[in-house]
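Architecture at a glance
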Amino acid sequence: MAMNALAATSRNFRRAARLLGLDSKLEKSLLIPFREIKVECTIPMDDGTLASFVGFRVQHDNARGPMKGGIRYHPEVDPDEVNALAQLMTWKTAVAAVPYGGAKGGIGCSPGELSRSELERLTRVFTQKIHDLIGTHTDVPAPDMGTNAQTMAWMLDEYSKFHGHSPAVVTGKPIDLGGSLGRDAATGRGVMYATEALLAEYGKSISGSTFVIQGFGNVGSWAAQLIHERGGKIIALGDVTGSIRNKAGIDIPALMKHRNDGGALKDFHSAEVMDSAELLVHDCDVLVPCALGGVLNKDNAPDVKAKFIIEAANHPTDPEADEILAKKGVIVLPDIYANSGGVIVSYFEWVQNIQGFMWDEEKVNNELEKYMSSAFRHIKAMCKSLDCDLRMGAFTLGVNRVARATLLRGWEA
Ligand SMILES: NC(=O)C1=CN([C@@H]2O[C@H](COP(=O)(O)OP(=O)(O)OC[C@H]3O[C@@H](n4cnc5c(N)ncnc54)[C@H](O)[C@@H]3O)[C@@H](O)[C@H]2O)C=CC1
Ligand SMILES: O=C(O)CCC(=O)C(=O)O
């Protein structure tokens with residue numbers, strides 16, 4: 001059973017605040033969100049009936065810049081989860097050293113059960129309800145689970161009806177509307193760079209290591225392709241429809257083709273179907289969760305066999321699981337660093353929109369690699385100076401940067 005996401009994230013924040021010796025009033029102020037928005041979104045469905053959904057945007061902190069974070073469409077979206085994810089964005093943008101604060105949004109819905117036109121109407125109504133609270137220099141949404149570049153195109157269009165053409169109000173847009181080359185792959189590419197950096201610390205590399213991946217959407221499929229390209233052997237993989245394995249390594253380009261042709265994972269010809277409950281505890285060198293939060297908890301952590309966990313998803317590991325995994329000697333690379341490639345390239349997209357100048361893909365990927373490797377060095381330095389694990393190294397790095405910005409702005413009023 002997973003812990004409440006907000007309780008788990010706040011627990012990690014408080015541990016970091018204690019390690020940093022943060023003033024208790026500043027600690028309290030950093031934890032409370034700047035603003036929580038909850039809106040009713042009622043739309044006509046294709047059959048003529050009305051349906052109502054609840055949309056959220058939590059703007060957690062803006063001390064370091066405009067608030068930034070994705071919009072999730074998923075049935076389990078709730079205020080505590082969005083709040084936790086918004087808080088994680090604040091520490092993540094600080095770890096990545098991009099000039100943003102943190103936010104996250106979502107709508108409680110099942111996107112797979114809505115038609116394209118229903119999704120468009122829902123996105124437009126949600127944007128109408130929040131348009132005066134987001135903006136290029138206040139809060140900049142992006143895609144997350146269940147949303148994509150098309151969702152951002154609808155948000156951009158709806159927002160622009162109120163405020164004039166505003167390409168930098170969302171990132172993760174289609175290239176034709178000012179999206180950045182490389183943004184689609186960026187989170188997965190960042191996961192690959194982060195994995196390389198971590199394995200190198202232990203004298204290992206992607207090539208020759210075995211991987212298990214949960215989630216085969218934007219993040220999971222790009223991570224799988226890039227790990228595969230670098231010689232990593234992906235021996236098991238799963239999504240919401242089921243899981244597959246192949247000891248010799250799954251042929252990822254063939255699986256991509258199968259998926260893009262509309263095939264389900266379980267019908268992929270050159271792998272055997274396995275029980276999804278076994279996926280996260282499958283024997284491997286590196287486990288890469290790329291789907292939901294809370295999937296590694298006190299119930300399954302004792303059975304994890306991976307030596308390394310790369311948190312490509314947000315908040316896949318409970319603090320209770322962290323303790324169990326640490327005792328087993330499993331090294332966990334935390335989400336606020338491991339999946340920061342997405343927001344880093346979102347920053348590049350925003351910069352390009354504001355400058356009105358497009359970068360080529362090579363520049364995007366080279367800059368992404370520089371930001372990822374710099375953040376890793378800074379996290380390692382925090383781990384060394386505070387004698388802590390990678391999660392606390394990343395949290396203390398992020399929290400300290402936000403605390404400094406807050407104090408510099410004159411928090412002591
Ligand atoms: N898209 C982005 O740029 C970023 C995403 N993330 C995080 O990465 C994770 C995945 O996001 P995306 O790939 O964008 O979402 P997506 O919607 O493109 O893909 C989600 C994947 O998770 C799978 N999934 C859903 N429920 C599952 C379950 N119960 N068991 C197994 N698989 C399940 C889906 O089948 C799908 O393959 C989320 O935690 C998200 O917050 C983090 C940073 C940036
Ligand atoms: O690209 C972005 O702005 C945010 C992506 C996101 O939601 C995340 O990193 O969790």
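None of these values were measured; they are calculated from a predicted model.

1. Focus: the site of ligand 2
For ligand 2, the set of nearby residues contains 14 residues, the closest of which are Lys68, Gly70, Lys92, Lys104 and Ser346. One of the side-chain nitrogen or oxygen atoms of Arg183 is found 2.9 Å away from an oxygen atom of ligand 2. Out of a free accessible area of 290 Å², ligand 2 has 95% covered by protein chains. Every element with two or more residues in the shell around ligand 2 is listed here: β3 (67-74), α3 (79-96) and α11 (341-355).

2. Focus on the packing of aromatic side chains
Aromatic ring pairs: the centre-centre distance and the angle between the two ring planes describe each pair. Throughout the structure, instances matching the rule amount to 10 aromatic pairs. Their ring planes at 90 degrees and their centres at 5.8 Å tell us that Tyr100 and Tyr347 sit as a pair that is edge-to-face. Of the two residues, Tyr100 sits in the loop between α3 and β4 (102-108) while Tyr347 sits in helix α11, which places them 247 residues apart along the sequence. Exposure class is identical for Tyr100 and Tyr347. Each is buried.

3. Digging into the UniProt feature "active site" (unreviewed entry) in the protein
Mapped onto this numbering, the UniProt entry annotates "active site" (unreviewed entry) at Lys104. Here Lys104 lies in strand β4. Once residues lying within four places of it in the same chain are set aside, the contact partners of Lys104 are Phe56, Arg57, Val58, Gly69, Gly70, Val82, Leu85, Ala86, Met89, Asp144 and Asn314.

4. Quick notes on a negative patch on the surface
A contiguous patch of negative charge on the surface is contributed by Glu36, Glu76, Asp78 and Asp80. Residue placement: Asp78 occurs in the loop between β3 and α3. On the basis of relative accessible area, Asp78 is assigned to the partly exposed category, the value being 33%.

5. Section: helix α12 (residues 361-386)
In an α-helix there are 3.6 residues to a turn, and that puts residues three or four apart on one side. Between its terminal C-alpha atoms α12 stretches 37 Å, which fits the 38 Å expected from 26 residues at 1.5 Å a residue. Among the residues of α12, those classed as buried are Val364, Asn365, Glu367, Leu368, Met372, Ala375, Phe376, Ile379, Met382 and Cys383. Downstream of α12 by a residue or two, Asp387 has a phi angle that is positive, lying close to 50 degrees.

6. Points about the packing of helix α6 (residues 183-201) against α11
When two helices pack together, their arrangement is given by the angle between their axes and by how far apart the axes lie. Relative orientation of the contacting elements α6 and α11 amounts to 145 degrees, with a least axis distance of 7 Å. Judged by the twist between their axes, the crossing of α6 over α11 is right-handed. Between α6 and α11, the residues in contact are Arg183, Ala186, Thr187 and Gly190 and Gly341, Gly342, Val345, Ser346 and Glu349, respectively. Tallied by class, the residues present in the contact of α6 with α11 amount to two nonpolar, five polar and two charged.

7. As for the sheet that holds strand β8 (residues 242-245)
A sheet is described by the order of its strands in space; here seven strands give the open sequence β9-β8-β7-β6-β10-β11-β12, paired in mixed fashion. Strand pairing shows two members of the sheet lacking a second neighbour, β9 (272-274) and β12 (331-333), which therefore form its edges. Ignoring strand direction, the axes of neighbouring strands in this sheet form an average angle of 20 degrees. Taken together, the three bridges between strand β11 (residues 308-310) and β12 define a ladder with parallel strand orientation. Residue pairing for β12: Phe308 is matched across the bridge by Ile331.

What counts and what doesn't
- Residues numbered from 1 in each chain as written.
- Chains lettered and ligands numbered in written order.
- Predicted model: local features only at pLDDT ≥ 70, side-chain atom pairs only at ≥ 80, totals over all residues.
- Heavy atoms only, no water.
- Near = heavy atom within 4 Å.
- Polar contact = N/O pair within 3.5 Å; in protein donor to acceptor, adjacent residues only side chain to side chain.
- Areas by Shrake-Rupley, 256 points an atom, 1.4 Å probe, with all protein chains shown as cover.
- Helix = DSSP H or I, 4+ residues; strand = E, 2+ residues; numbered from the N terminus.
- Phe/Tyr/Trp six-rings, centres within 6.5 Å; stacked < 30°, edge-to-face > 60°.
- Buried < 20%, exposed > 50% of the residue type's maximum accessible area, 1.4 Å probe, protein only.
- UniProt positions renumbered as here; feature names shortened; annotations may be inferred.
- Contact = heavy atoms within 4.5 Å.
- Patch = residues over 30% accessible without salt bridge, like charges linked within 9 Å, V, L, I, M, F, W, Y side chains within 5 Å.
- Salt bridge = Lys/Arg side-chain N within 4 Å of Asp/Glu carboxyl O.
- Lys, Arg positive; Asp, Glu negative; His and termini not counted.
- Charge placed at Lys NZ, Arg CZ, Asp CG, Glu CD.
- Expected span 1.5 Å × (residues − 1).
- Axes fitted to C-alpha atoms, helices over the stretch in contact; angles between N-to-C directions.
- Left-handed = near helix turned anticlockwise from the far one by under 90°.
- Nonpolar A, V, L, I, M, F, W, Y, C, P; charged D, E, K, R; others polar.
- Pairing = 2+ DSSP bridges.

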